[in-house]
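Spelled out, the chains give:
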Amino acid sequence: IYLKGIENFGNYITLTDKVCIFSENICKNIVLSSNDIWQKLKLIPFKGHDQNFIGNMILGNSNGLIISNFFSDYKLRYLIKNSWDDIRVLRLDENRNNPGSFMTVSNFHTILGKNLQKKTIQKIKSYLKTSIYIHENSYFTINKFNFMISQKACLISPIYFDYYLQTKKRIELPLFNTSVSNGCKYPGLALLFNKEICLMNSSTTSNELKIINKFIN
């Protein structure tokens, strides 16, 4: 599905196989009510300017959601109430508030760009039900915008591709790198996908699309 008029929509949307969580202020037209694919998702809008960057504040998969500790108890209850019953929601209690700034997630793998307290790592593993990789390096911090992960592959920002190859401990999955949206160097800003939907900007080039298809499929 190609989106028009929303630059860097990865900041404002979190998409999993079960939910689409979005900033209602910015993504009013994100839901295509006539499209059957959207009907399979729980659509959870968040209002308020403090919730605009929902794509950075919530990260997750089919099993669970990891959310920033900026969320109030009221917002936490709202998210739980409007999600599926089998999705567990973990609010971080560490100083690293926004999960999108230091982790990337799929249904099978979670990569942490920063080491966390052991109890927090165990909670994340329990809630998301994935393997956990901790990948700290001196060049950059892996996050949902510069390093995406699917079931079988990784997609890295062209900015950090050479730096990543210099690290000693790399993830043992095929690695792709590309810009998106006709030159955006951070894939997670303008690419979201689940098992049935792939969201891109309409400006995505054919060369970018070829690599995206290889990464997702």
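If you're wondering where the values come from, they're calculated on a predicted model, not measured in any experiment. (Residues numbered from 1 in each chain as written. Predicted model: local features only at pLDDT ≥ 70, side-chain atom pairs only at ≥ 80, totals over all residues. Heavy atoms only, no water.)

**Digging into the nonpolar core**
1) Next: With 28 residues, the main nonpolar core has Phe 9, Ile 13, Cys 20, Leu 191 and Leu 199 as its most contacted residues.
2) Next: Taken together, the elements giving at least two residues each to this core come down to strand 2 (13–15), strand 3 (19–23), strand 14 (191–193), strand 15 (198–201) and helix 6 (206–216).
3) Next: Not counting chain neighbours up to four residues away, the residues in contact with Phe 9 comprise Leu 3, Leu 189, Ala 190, Leu 191, Leu 192, Leu 199, Met 200 and Asn 201.
4) Next: Grouped together as the second largest cluster of nonpolar side chains are 14 residues, Ile 21, Ile 44, Ile 54 and Leu 76 included. (Core = buried A, V, L, I, M, F, W, Y, C linked by side-chain atoms within 4.5 Å. Buried < 20%, exposed > 50% of the residue type's maximum accessible area, 1.4 Å probe, protein only. Helix = DSSP H or I, 4+ residues; strand = E, 2+ residues; numbered from the N terminus. Contact = heavy atoms within 4.5 Å.)

**Observations regarding the environment of Lys 129**
1) Next: Tracing the backbone through its elements, the reader meets Lys 129 in the loop between helix 4 (118–128) and strand 10 (131–134).
2) Next: Looking at Lys 129, the relative accessible area reads 58%, which means it is exposed.
3) Next: Along the backbone, Lys 129 and Asn 98 are 31 residues apart, and their C-alpha atoms lie at a distance of 20 Å.

**With respect to the packing of aromatic side chains**
1) Next: Here the structure, examined in full by the defined rule, presents 8 aromatic pairs.
2) Next: Ring centres 5.7 Å apart and planes at 40° place the aromatic pair Tyr 12 and Phe 53 in the tilted group. You can see Tyr 12 sitting in the loop between strand 1 (2–3) and strand 2 and its partner Phe 53 sitting in the loop between strand 4 (42–46) and helix 2 (54–57), a full 41 residues away along the chain.
3) Next: Classification of Tyr 12 by relative accessible area gives buried; the value is 14%.
4) Next: Measuring from centroid to centroid gives 4.5 Å for Phe 140 and Tyr 160, while their planes differ by 15°, and the two rings are stacked. Of this pair, Phe 140 sits in the loop between strand 10 and strand 11 (147–149) while Tyr 160 sits in the loop between strand 12 (154–156) and helix 5 (161–166); the two residues are 20 residues apart in sequence, bridging distant segments of the chain. The residues Phe 140 and Tyr 160 share a single accessibility class, namely buried.
5) Next: An aromatic cluster is defined as three or more aromatic residues linked by ring pairs; in this entry it consists of Phe 46, Phe 71 and Tyr 78.
6) Next: Positioned above the aromatic ring of Trp 84 is the side chain of Lys 42, whose terminal nitrogen or guanidinium carbon lies 4.7 Å from the ring centre.
7) Next: The cationic tip of Arg 88 hangs over the ring face of Tyr 127; the distance from NZ or CZ to the ring centre is 4.0 Å. (Phe/Tyr/Trp six-rings, centres within 6.5 Å; stacked < 30°, edge-to-face > 60°. Lys NZ or Arg CZ within 6 Å of the ring centre and 35° of its normal.)

**Things to note about the pairing of strand 6 (residues 64–67)**
1) Next: Alternating residues of strand 6 divide into Gly 64 and Ile 66 and Leu 65 and Ile 67, and every residue in both groups is buried.
2) Next: Pairing of strand 5 (residues 58–60) with strand 6, which is carried by 3 bridges, proceeds in the antiparallel orientation. By the bridge assignment for strand 6, Gly 60 is matched with Leu 65.
3) Next: Between strand 5 and strand 6, which pair antiparallel one after the other, the connecting turn spans 3 residues.
4) Next: As defined by bridge partners, strand 6 adjoins strand 7 (residues 88–91) across 4 bridges and the pair is classed as parallel. Bridge pairing in strand 7 links Gly 64 to Arg 88.
5) Next: Handedness of the β-α-β unit built from strand 6, helix 3 (residues 73–82) and strand 7 comes out right-handed. (Pairing = 2+ DSSP bridges. Right-handed = clockwise from strand over helix to strand, strands pointing away.)

**A word on the pattern of salt bridges**
1) Next: Tallied over the entire structure, the rule returns 3 salt bridges.
2) Next: One salt bridge connects Asp 86 with Lys 18, and the closest N-O pair in it is separated by 2.7 Å. With Asp 86 in the loop between helix 3 and strand 7 and Lys 18 in the loop between strand 2 and strand 3, this pair connects stretches of sequence that are 68 residues apart.
3) Next: Overall, the relative accessible area of 48% leaves Asp 86 in the partly exposed class.
4) Next: Between Glu 24 and Lys 47 there is a salt bridge; the shortest N-O distance is 3.7 Å. Residue Glu 24 is located in the loop between strand 3 and helix 1 (36–39), and its partner Lys 47 is located in the loop between strand 4 and helix 2; the two are separated by 23 residues in the primary sequence. (Salt bridge = Lys/Arg side-chain N within 4 Å of Asp/Glu carboxyl O.)

**A few points about helix 6**
1) Next: Listed in full, the buried residues belonging to helix 6 are Glu 208, Ile 212 and Phe 215. Down the axis of helix 6, the sector holding all buried residues measures 60°, keeping them to one side. For helix 6, the exposed residues lying more than 90 degrees away from the buried face are Ser 206, Asn 207, Lys 210 and Lys 214. (Arc of directions from axis to C-beta.)

**Focus on the sheet that holds strand 7**
1) Next: Read from one edge to the other, the open sheet built from 3 strands follows the order 5-6-7, with strand pairing classed as mixed. On the outer flanks of this sheet lie strand 5 and strand 7, each paired with one strand and no other. When the angles between neighbouring strand axes are averaged without regard to direction, this sheet yields 25°.
2) Next: Across the sheet, helix 3 lies against strand 5, strand 6 and strand 7, angled at about 160° from strand 7, the strand it touches most. (Axes fitted to C-alpha atoms, helices over the stretch in contact; angles between N-to-C directions.)

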